[in-house]
Every structure is written in C-alpha cells, then in structure tokens.
Amino acid sequence: MDSNNKLKTLDDFKKLINTQSLQICVVGIGRIGLPTALSFADSGLNTIGVDINSNLVRMVNSGEFPLKDEPGYNEIFDNVIKNKKFHATTNIQEALPKTDVILLSLPTPMNNDNIPNYSALKSVGNHLHDSMRPGTLVIVESTVEPTFVENDLIPIIEGDDKRFIVDKNFMIGVCPETANPGEILKDFTKLPRLVGATNESTSNIIMEIYKHVFPVDLIKMSNCKTANAVKLTTNVFRDINIAFINELSLLFEKLGIDTYEVLKAAKTKYNFQVHYPGAGVGGPCLPVNSYQMLNIARKFDNDFRTVRTGREINEYMPEHVIDLTIDAFNEAKKPIKNSTILILGISYKPNVKDIQLSPAETIIKKLQDLGVIVKIYDPYFKSTSVFGIETAHELLSAITNVDGVILVTAHNEFHDLEPVFLASKMKTPIVVDSRDIIDIHAARKAGVIFRGLGRGNASK
C-alpha cells in the first residue's frame, strides 16, 4: 500500500506491468502452479515460487525441470531461469513481503471420508495474515467450493485482530485454473479464464494482469463464488456424464452391444457430447470436484443425488474390471489365484506421470486380495516402486510369460500393441482392455481370450 494508505488503482498496476516491476509470488509450484509461475515469469514479471517440497525447490533452483510430461514448458523454464526471472524458495515468510500479487495454486484433496481438505489453503491464509504487506492482491487459482473464499479464507487473512480488511488494505479474487495435465501450455494459450473478485475494481485489475500473461479470453464473473461454481459445474458435468456412459457400458455388455460403436454414431448428432467408459475416474480434479459439490450441498440439506450416484458408478468400475478378468480366467479354465497379471498403465490418465486417485490402485489391491501376483509396466514409472510393487523397466520382459494383461491407462505406447505379439509372449493369452485399445477381431484371430469394457461382443 502506498504512503497515503490507499490501495493501488488499475492505473498503478498498468504502470507496474509496463515497467516489468510488478512482483509475483506463486504459492504451490506443483503440476499447475509451476507452469503458472513460468508463464508469469516468461511475460517479463519477476516471479517467486513457494513450495514446502524442498526437493522440488532444489530441482528448480538448480535448473532441472521437474515436469517432463508437459510439452513446451521445458524451453520456457530454461529461458526464465537463465534470465533470472524465476526462482523458488521454501521460505514463505521471506517471500510474501516482497510481492505485489500472490497467486495460490495449492492442492485441495479429500480426506478418508471424501470431505475436501482445505488445510493447505488455510495454512497459507495464516501466513498471509502474518507476513504479506498491506496493499497486496491475492488471487486464488485452486479449485474450491463456492463461498470458501468469502466464508473461510478471507476471515483467516483478516484475522481476529483485523490487521487486514478486505477491500481496504488488501484485495482478493479468483481465477480458477483450467488446464489439463499433459496439455497445460496449449490450454493456457487457448482456454478462456474466469475472473471473480470481491468488487469490480479488483476484477478489472486481475483481468489486466492476466491479459498481460495469457493470450486468452477473460470472462468477468459477478463474484468469487460464482466463478468457482462455474469451475465445479464444468468438471462435475464430466464426472456425471462419464458415469452415465459407464453405466451404459455395463448394460450394453449384457446386451451384446459395442458401446464404442454406439458412441461413434451418437456423436454425429449435433447436441451429443461424447464421453467414454473406462476403469474409473481418477486424478486431483473430477472426483474431488464432485465431492466438493456434495460438501457444499450438504450444508444446505441438499443430498444432490445425481452427483452422488455418478460417484458411486465411477467408483464401482475397478470392481467391474476385476469381474471381467475373473470371467476371462474362467473361460481359460485357469485359477486366478497364484496367477501372474500385468497391469499396463497406472497413471490416472494417458501420457502423464500422475497416479492421484488412479483406478489402477484399486484394481491392483483387489487382484492381490484374490491371490494374484501383480506386475506393473507404465512408461512414466519405470524401475521404481509404486503401490508397493517394483515396476518393470521395459514392456517386452514385463509381458513375457504372464497369465493375463489388464490395460488400465491408454498411454500412447500401448496403442501399437498387437494381439499376435501379446499371445506370442504370454503364458496364457488373457487380455482385459478397459480403454478400447485392442482390436476385437485381431484379438480373436490371434487366439486371445479377450474382454473389453463396454465391448458387448468381445467374447463372442
């Protein structure tokens, strides 16, 4: 805040941006936060990244880019490190007083009862109260349920002593991140961003800052809670629609109908938005966002049955993969107990190194409960320990002499798998495909005992 105790104006921020003297701090430099910080630094603004992960901070400051599965950002990282526009620290108390704008890009996971855990944001809120300087602009990029900023975060920053008062000696707004892991640079340059704040003046300032950094449309929302509601609505929409397709696939299997043939034709209709079935819905967004919606609804005695049912269906899908596997072993007249099954892909989505809430973990646990010896091959997790299992280094040796293969994640590397190759290397040619990778007809011709999730004619 300036000497006459007034908040900076839009013109003040424009001057700071134009002279590249606006100081940015991004708290949380993980999957989304680091690319966000790099984007701000690449726009010419001096940026500090704060994270409690000392190993991550060490990697960044030593010039080692940690997100190898994010195309395009390696070059940006090298550039901003070279130009000394970005560095990282674990010392939040030291970083906060130096900055004009603080972006919060912190995780909002669930606890064991599927209740959103906002402890990271609340902890940083206390740090803001203690260490940020008056006049600071706080922008929440984390995905939170509507009213969290207004009812939880602002009171923490203000504190009981009212050292800070929103709109009087600090500003706050939101710009929920919209990036898809593995495609963050593309999304940051194409997808519109939502901006909401406690007043229009703050919204205009946030839009000016983001206009400088991101070449995308900025949509001004009436307040923070509405912008956060939009973010939840779009992701919960996906979760529910995937659940619908998953439930259709369970029915179509029994009817002998290929779900993918249905979807291919259905998406030719102008108002049909295609979603695909699978082994489950994982990651830090969709499952969590649905439970965030359920959590806020619960506060108003709203059971939100559609969202709850969607979650139940998607969380059942790993169990269905196990049922398909057992069915295939029964056809082979081979006991599943003491068999060896290879899991192909453990990431929650294709082509990223991320196992958060991956359905693979549930599938592996259920197989182990059945007495199965489980092997893992994932191109993003080679020769490491995941879910208590040492992963294979390469595909050929992983497949050789196993009794069954379950395709869980559709990594690009797996799309070239030929049933003839699988059958020639496996002890028992049992293949369960949860992601529409293997061609049914080629599998039959190769003598593979095949089950495909949603593929009603797979066993015929």
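Residues numbered from 1 in each chain as written. Predicted model: local features only at pLDDT ≥ 70, side-chain atom pairs only at ≥ 80, totals over all residues. Heavy atoms only, no water.

Some thoughts on the pairing of strand S1 (residues 24-27)
Of the two faces of S1, the one holding Ile24 and Val26 and the one holding Cys25 and Val27 are both buried throughout. Pairing between S1 and strand S2 (residues 47-50): 4 bridges, direction parallel. Within S2, the position partnered with Val27 by the bridge is Val50. In this region the chain leaves S1, passes through helix H2 (residues 33-42) and returns to the parallel neighbour S2; the handedness of that crossover is right-handed. Here S1 runs beside strand S4 (residues 101-104); their pairing, made up of 4 bridges, is parallel. (Buried < 20%, exposed > 50% of the residue type's maximum accessible area, 1.4 Å probe, protein only. Helix = DSSP H or I, 4+ residues; strand = E, 2+ residues; numbered from the N terminus. Pairing = 2+ DSSP bridges. Right-handed = clockwise from strand over helix to strand, strands pointing away.)

Here's the deal with the pattern of salt bridges
Counted according to the given criterion, the structure contains 22 salt bridges. The closest approach of N and O atoms between Asp69 and Arg31, which form a salt bridge, is 2.9 Å. Taken together, the positions of Asp69 in the loop between helix H3 (54-61) and helix H4 (73-82) and Arg31 in the loop between S1 and H2 put the pair 38 residues apart, joining distant regions of the chain. Its relative accessible area of 16% is what places Arg31 among the buried residues. For Lys98, the salt bridge goes to Glu94, with nearest N and O atoms at 3.7 Å. (Salt bridge = Lys/Arg side-chain N within 4 Å of Asp/Glu carboxyl O.)

Here we look at a negative patch on the surface
Among the surface-exposed residues, Glu413, Asp416, Glu418 and Asp439 lie close enough to one another that they form a single negatively charged patch. Topologically, Glu413 is positioned in the loop between strand S13 (404-407) and helix H16 (419-425). Accessibility expressed as a relative area gives 34% for Glu413, which makes it partly exposed. (Patch = residues over 30% accessible without salt bridge, like charges linked within 9 Å, V, L, I, M, F, W, Y side chains within 5 Å. Areas by Shrake-Rupley, 256 points an atom, 1.4 Å probe, with all protein chains shown as cover. Lys, Arg positive; Asp, Glu negative; His and termini not counted. Charge placed at Lys NZ, Arg CZ, Asp CG, Glu CD.)

Some remarks on the pairing of S2
What you see with S2 is no split at all: Thr47 and Gly49 on one side and Ile48 and Val50 on the other are buried throughout. Where S2 lies against strand S3 (residues 86-89), 4 bridges are found, and the strand directions are parallel. Its bridge partner being in S3, Val50 is matched across the sheet by Thr89.

Some words on the sheet that holds S4
Spatially, S3-S2-S1-S4-S5-S6-S7-S8 is the arrangement adopted by the 8 strands of the open sheet, whose pairing is mixed. The sheet terminates laterally at S3 and strand S8 (218-220), the two strands that pair on one side only. On average, adjacent strands in this sheet sit at an angle of 25° to one another, irrespective of strand direction. Judged from the 4 bridges that link them, S4 and strand S5 (residues 137-140) form a sheet pairing that is parallel. Looking at the pairing, Val101 lines up with Leu137 of S5. With respect to the sheet, helix H9 (residues 200-213) is in contact with S4, S5, strand S6 (171-174), strand S7 (193-197) and S8, its orientation differing from that of S7 by roughly 150°. (Axes fitted to C-alpha atoms, helices over the stretch in contact; angles between N-to-C directions. Contact = heavy atoms within 4.5 Å.)

Description of the packing of helix H13 (residues 305-331) against helix H14 (residues 359-369)
Packing of H13 against H14 leaves a shortest axis separation of 9 Å and a crossing angle of 45°. Taken together, H13 and H14 sit at an angle that is classed as oblique. Remark: the crossing between H13 and H14 carries right-handed chirality. Where H13 approaches H14, its residues Pro318, Glu319, Val321 and Ile322 are matched on the opposing element by Pro359, Thr362, Ile363, Lys366 and Leu367. For the contact of H13 with H14, the per-class residue count stands at 6 nonpolar, 1 polar and 2 charged. (Parallel < 35°, antiparallel > 145°, perpendicular 65-115°, else oblique. Left-handed = near helix turned anticlockwise from the far one by under 90°. Nonpolar A, V, L, I, M, F, W, Y, C, P; charged D, E, K, R; others polar.)

Observations concerning the nonpolar core
By size, the foremost hydrophobic cluster in this structure holds 46 residues, and its most contacted members are Leu22, Leu38, Phe40, Val101, Leu137, Ile209 and Tyr210. If we ignore the near neighbours within four places in the chain, the residues touching Phe40 are Ile24, Leu45, Thr47, Leu103, Ile209, Tyr210, Val213 and Phe214. Counting 32 residues, the second-largest nonpolar core is a separate cluster that includes Ile102, Val138, Ile154 and Ile157. (Core = buried A, V, L, I, M, F, W, Y, C linked by side-chain atoms within 4.5 Å.)

Let's talk about the packing of aromatic side chains
Counted under the stated rule, the structure contains 9 aromatic pairs. Ring geometry for Phe40 versus Tyr210: centroids 5.6 Å apart, planes at 90°, classification edge-to-face. In this pair, Phe40 is assigned in helix H2 and Tyr210 in helix H9, connecting sequence segments 170 residues apart. Phe40 gets classed as buried once you look at its relative accessible area, which sits at 0%. For the ring pair Phe40 and Phe214, a centre distance of 5.8 Å and an interplane angle of 80° mean the geometry is edge-to-face. Placement of Phe40 in helix H2 and of Phe214 in the loop between H9 and S8 is noted, with a sequence separation of 174 residues between them. An identical accessibility class is assigned to Phe40 and Phe214; each is buried. (Phe/Tyr/Trp six-rings, centres within 6.5 Å; stacked < 30°, edge-to-face > 60°.)

Details of the environment of Asn55
Within the secondary structure, Asn55 sits in helix H3. Polar contacts involving the side chain of Asn55 include one to the side chain of Arg58, which spans 2.9 Å. (Polar contact = N/O pair within 3.5 Å; in protein donor to acceptor, adjacent residues only side chain to side chain.)

A few points about the environment of Asp51
Looking at the element boundaries, Asp51 is found in the loop between S2 and H3. For Asp51, a relative accessible area of 14% gives the class buried. Considering only alpha carbons, one finds Asp51 and His411, 360 residues apart in sequence, at a separation of 30 Å. Contacts of Asp51, omitting those with residues within four sequence positions, involve Gly28, Ile29, Gly30, Leu56, Val57, Thr89 and Thr90. Engagement of the side chain of Asp51 in a polar contact is seen with the backbone nitrogen of Asn53, the distance being 2.9 Å.

Brief notes about the sheet that holds strand S9 (residues 340-344)
As a general point, the strands of a sheet are linked pairwise by backbone hydrogen bonds and lie either parallel or antiparallel. Here we have 5 strands laid out as an open sheet, ordered S10-S9-S13-S14-S15, and parallel in their pairing. With partners counted over all chains shown, the strands left at the sheet margins are strand S10 (373-377) and strand S15 (449-452), one partner each. Mean inter-strand twist for the sheet, computed between neighbouring axes without regard to direction, equals 15°. Strand direction decides the pairing type here: S9 and S10, joined by 5 bridges, are parallel. The residue of S10 that forms the bridge with Ile341 is Val374. Relative to S15, H13 is tilted by about 160°, and along the sheet it contacts S9, S13, strand S14 (430-433) and S15.

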